[in-house]
Amino acid sequence: MNFVINNIGWFVGTFFVIILALIGYYADKKEKETNTKENIKINSKDQTQNQNNIFDNQNNIEENKINHINEENIRENQIYDIADNANTTDQQLNNINENTTNKFNQEIVIPEFKNIESLNMSLEDLEKKNYKNYKKNSFEKKNFDKKKSRCPVFSLCGACSHIDVPYEEQLSIKLGNMIKLLGKYSHVDPVVGMKNPYHYRCKVNAVLKQKYDGTIVGGNYSEHTHKIVPVEKCYIEDAVADRIIVDTQKLLSSFKMKVYNGKNGYGNIRYLMVRIGKQTGEIMLIIVTRSPVMPSKNNFVKALVKIHPEITTIVQNVNDRTDSMILGKRENVLYGKGYIEDRLCGKIFKISPQSFYQVNPVIAEKIYRKAIDNAKLSPRDTVIDAYCGTGTIGIVAASDAGKVIGVELNSDAVRDAHVNAKVNSVNNIEFYNEDAGIFMEKYEEEGGKVDVVLMDPPRAGADIKFLNTLIKLKPDRISYISCNPITLERDLGILVSSGEYEVKSITPFDLFPFTEHVETVVGLQRVDT
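Residues numbered from 1 in each chain as written. Predicted model: local features only at pLDDT ≥ 70, side-chain atom pairs only at ≥ 80, totals over all residues. Heavy atoms only, no water.

A. Seen up close, the side chain of Glu282. With respect to the secondary-structure elements, Glu282 resides in the loop between strand E4 (269-276) and strand E5 (283-289). Leave out the neighbours within four places in its chain, and Glu282 touches Arg275, Ile276, Gly277, Thr312, Lys337, Ile340 and Glu341. (Helix = DSSP H or I, 4+ residues; strand = E, 2+ residues; numbered from the N terminus. Contact = heavy atoms within 4.5 Å.)

B. Looking closely at the confidence of the model for the chain. A residue-level look at the chain finds 71% of positions with pLDDT of 70 or above and a mean pLDDT of 79. Between residues 36-123, whose pLDDT stays under 50, and residues either more than four places distant or in other chains, the model counts 109 contacts. (pLDDT = per-residue confidence, 0-100.)

C. How the structure looks around empty space enclosed by the protein. Inspection of every chain in the model, using the stated rule, returns 7 cavities of 30 Å³ or more. As a volume, the largest cavity reaches approximately 90 Å³. The wall of the largest cavity is formed by 13 residues, among which Ala206, Val231, Glu237, Asp242 and Ile245 lie closest to the centre. Those elements giving two or more residues to the lining of the largest cavity turn out to be strand E1 (203-210), strand E2 (216-221) and helix H8 (239-254). If one sorts the elements of the lining of the largest cavity by residue count, H8 sits on top with 4 residues. Counted by class, the lining of the largest cavity contains 5 nonpolar, 5 polar and 3 charged residues. (1 Å grid on protein atoms, 1.4 Å probe; cavity = no way out; pocket = protein on both sides within 12 Å on 5 of 7 lines; lining within 4 Å. Points joined across faces, edges and corners; volume = space filled by probe spheres on them. Nonpolar A, V, L, I, M, F, W, Y, C, P; charged D, E, K, R; others polar.)

D. Layout of the pattern of salt bridges. Within this structure, the stated rule accounts for 16 salt bridges. For Lys278, the salt bridge goes to Asp238, with nearest N and O atoms at 2.8 Å. With Lys278 in the loop between E4 and E5 and Asp238 in the loop between strand E3 (228-230) and H8, the pair connects residues that are 40 residues apart, well separated along the chain. Note on Asp238: relative accessible area 9%, which makes it buried. Lys337 is the partner of Glu282 in a salt bridge, and the nearest nitrogen-oxygen pair spans 3.6 Å. (Salt bridge = Lys/Arg side-chain N within 4 Å of Asp/Glu carboxyl O. Buried < 20%, exposed > 50% of the residue type's maximum accessible area, 1.4 Å probe, protein only.)

E. Expanded view of the sheet that holds strand E11 (residues 403-408). Ordered by their spatial adjacency, 7 strands build an open sheet running E12-E11-E10-E13-E14-E16-E15, and the pairing between neighbours is mixed. Edge positions in the sheet fall to strand E12 (429-433) and strand E15 (501-509), since each of these pairs with one other strand and no more. Geometrically, the sheet is characterised by an average inter-axis angle of 15 degrees between neighbouring strands, direction not taken into account. Strands strand E10 (382-386), strand E13 (452-455), strand E14 (477-482) and E15 of the sheet are contacted by helix H14 (residues 464-473), whose axis makes an angle of about 160 degrees with E13. (Pairing = 2+ DSSP bridges. Axes fitted to C-alpha atoms, helices over the stretch in contact; angles between N-to-C directions.)

F. Here's a closer look at the environment of Ile286. Along the polypeptide, Ile286 turns up in strand E5. Excluding residues that lie within four positions of it along the chain, Ile286 makes contacts with Tyr271, Leu272, Met273, Arg275, Val315, Asn317, Leu327 and Pro353.

Right, here's the structure in full:
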């Protein structure tokens, strides 16, 4: 007991030292935890800012590249029109035609069809063979340095894969491919190109995304992905349309509007689309939203029209679907009449947000005129315009024909076709909302007669019902507009092998410069006429 009393001071001192040490330890631990949390917040904020800076830097790099594109590469004023410059161009393309004929011609045996029913059996074999032959000579892909491309997003976008191939070379390679595929049927004319192959698309779409700071940017999906590539200027899109889309994006940002996010369903603005009448100059802007509610839309429209008074009409399209369809069924006119008009082949055509209209009307007009020239129409002729769409070519042809019958499966297109016929006061044309093959069968069974068939099928080509009935009906002339050389070769094989028809002309058109696409107009005539 005396020991405890004598050392009480030592025990108390030791106790207080231990307490102070524990207090210091826990205080230091709490401070470290607080600092760690603060560092995480700072790092997260820095990371977000860095991501924004990276995105902004990428946009700045792209803009700088666009602003410093070498003028010698553009050469817009030096591109000639194959159809117009007869002296130089004809000689050049005659040489190309001669050289590529020797290089590309290949003997392909066309199967002999003993009767119409046997066509059914051979259609698939023809398709497989044609695809293989065409792919062997598909467009040569140059190994260009993507860093030196005239397009700053060439390596990411993929919309125009041949932007750095000289235009004359594009046309000559396309001609070689067409001779390879179709030269056995007839002489292949030089490819009809454009005087200025840039900025030809009169319909421009922009898919949108929102940056961390609320800024809205638009562009295209990267090829075969859903990754958005920001694009402000494009070599194949109408330049006015591009400027309108960029300014609309900025204005949407300033009005604090939110872009729709498909992952979480948040936001409202989905796409922007601009459609332009190349001949009339009328411009339509379509704003695609998830909901019909669009806050401050009246003030937004006033501000946008003040920036771009050239805009004729603005339409809100409501699309609440979750798939990749751009346009929905519901529409709300925000400004103007809700549609635009354009002239093609001397006719007026109404273009609504949903309407089909060729995105390159300059070449489309040449295609339609060639198809009608092939038909050699007279006031006595009855014409079937198969796969007629909105009735464009049939309405143009009606001026020279006695009667035109348009057939189209898409009901919306047929509705627009009736409107277009009325606008142009065309009274000798009628439209049927039906499958072309089924219609042709019924028409033939009912004893219908036809002198000329104009046909513009989809990429899959004409179906077997249609081709069977076409041969039975025996029109004097067929004018075939094709958007797919592979299925065109297959269908020509069927028509020629029947012994009823021969190919009189093959004319390719460069409807989509800087791509592999070739549009073709073929004139056929019945052998015994």
